[in-house]
Amino acid sequence: MTIAYLTRVVEFTATHRIRRADWTEEQNAATFGQAAEDHSHHYHCRITVKGPLVAASGGVVNLAELDALLAREITARFDGRHINQDVPEFADGARLATGEALAVYLWERLADGLPPGVTLHAVRVQEGPHLYSEYFGEA
């Protein structure tokens, strides 16, 4: 059986900050620099799924079904939002809103929502042209 990979790119713009609630402003500034203050990114998320190449459908997954999952779990949740204020898992005192943590979070949201026979292979969160994080499901 032929296994193929398909990557869909989803974009959104969101504001965030990387700051620990249990640290002083000085500690946060020393560790995270300007990222400790609110700032925005135009994120590019590359979601790669894998599965058997089904000759009858010509692909790994129904794109409309994949797009609906990505719209619900990524675009609707993050676009135009402040990640720390609007996504409880990234509120002050919870996960830091780093690219790495976003990649893991998206994996957790997407992996179980895929159709049978299709699995998540990689989640890539790109914050800018020279910075991205990837997650492949390793614990």
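Residues numbered from 1 in each chain as written. Predicted model: local features only at pLDDT ≥ 70, side-chain atom pairs only at ≥ 80, totals over all residues. Heavy atoms only, no water.

A word on the pattern of salt bridges
So, step 1. Counting across every chain of the model gives eight salt bridges.
So, step 2. Connected through shared salt-bridge partners, Arg72, Glu73, Arg77 and Arg109 make up one network. (Salt bridge = Lys/Arg side-chain N within 4 Å of Asp/Glu carboxyl O.)

Digging into the packing of aromatic side chains
So, step 1. Summed over all chains, the structure comprises six aromatic pairs.
So, step 2. Centre to centre, the rings of Phe12 and Phe78 are 5.3 Å apart; their planes meet at 25°, and the pair counts as stacked. Here Phe78 lies in helix 2 (residues 63-78) and Phe12 lies in strand 1 (residues 3-16), a separation of 66 residues in the sequence. Phe78 carries the same exposure label as Phe12, and that label is buried.
So, step 3. Note on Phe90 and Tyr105: the rings are 5.2 Å apart at their centroids and 70° apart in plane angle, and the pair reads as edge-to-face. One end of the pair, Phe90, is in the loop between helix 3 (83-86) and helix 4 (99-110); the other, Tyr105, is in helix 4, and 15 residues separate them in sequence.
So, step 4. Under the relative-accessibility criterion, Phe90 is labelled buried at 0%.
So, step 5. Through a chain of ring-to-ring contacts, the aromatic side chains of Phe12, Tyr43, Phe78, Phe90 and Tyr105 assemble into a single cluster. (Phe/Tyr/Trp six-rings, centres within 6.5 Å; stacked < 30°, edge-to-face > 60°. Helix = DSSP H or I, 4+ residues; strand = E, 2+ residues; numbered from the N terminus. Buried < 20%, exposed > 50% of the residue type's maximum accessible area, 1.4 Å probe, protein only.)

What to know about the side chain of Asn84
So, step 1. Mapped onto the secondary structure, Asn84 falls in helix 3.
So, step 2. Among the polar contacts made by the side chain of Asn84, one reaches the main-chain amide nitrogen of Arg17 at a distance of 2.8 Å.
So, step 3. Among the polar contacts listed, one links the side chain of Asn84 to the backbone oxygen of Phe90, at a separation of 3.3 Å.
So, step 4. With near-sequence residues (within four places) excluded, Asn84 lies in contact with His16, Arg17, Phe90, Ala91 and Ala97. (Polar contact = N/O pair within 3.5 Å; in protein donor to acceptor, adjacent residues only side chain to side chain. Contact = heavy atoms within 4.5 Å.)

Focus on helix 4
So, step 1. Taking 1.5 Å of rise per residue, twelve residues should cover 16 Å, and helix 4 covers 16 Å from first to last C-alpha, within 8% of that figure.
So, step 2. Within the sequence span of helix 4, burial applies to Gly99, Ala101, Leu102, Ala103, Tyr105, Leu106, Trp107 and Leu110.
So, step 3. Structurally, helix 4 contributes buried residues whose contacts are with strand 2 (39-52), helix 2, helix 3, strand 3 (119-128) and strand 4 (131-135). (Expected span 1.5 Å × (residues − 1).)

Quick look at the side chain of His16
So, step 1. Inspection of the secondary structure assignment puts His16 in strand 1.
So, step 2. Its relative accessible area of 0% is what places His16 among the buried residues.
So, step 3. At 3.2 Å, the side chain of His16 forms a polar contact with the side chain of His41.
So, step 4. Ignoring any residue separated from it by four or fewer positions in sequence, one finds His16 in contact with Glu37, Asp38, His39, His41, Tyr43, His82, Ile83, Asn84, Ala97 and Glu127.

Side note on a nonpolar patch on the surface
So, step 1. On the surface, a nonpolar cluster with roughly 400 Å² of combined accessible area is contributed by Met1, Ile3 and Tyr5.
So, step 2. Mapped onto the elements of the fold, Met1 is located in the segment before strand 1.
So, step 3. For Met1, a relative accessible area of 84% puts it in the exposed group. (Patch = residues over 30% accessible without salt bridge, like charges linked within 9 Å, V, L, I, M, F, W, Y side chains within 5 Å. Areas by Shrake-Rupley, 256 points an atom, 1.4 Å probe, with all protein chains shown as cover.)

A word on the pairing of strand 3
So, step 1. In terms of strand pairing, strand 2 meets strand 3 through seven bridges, oriented antiparallel. Across the sheet, residue Arg46 finds its bridge partner in strand 3, namely Arg124.
So, step 2. One ladder, built from five bridges, connects strand 3 with strand 4; its direction is antiparallel. Bridged to Arg124 within strand 4 is Glu134. (Pairing = 2+ DSSP bridges.)

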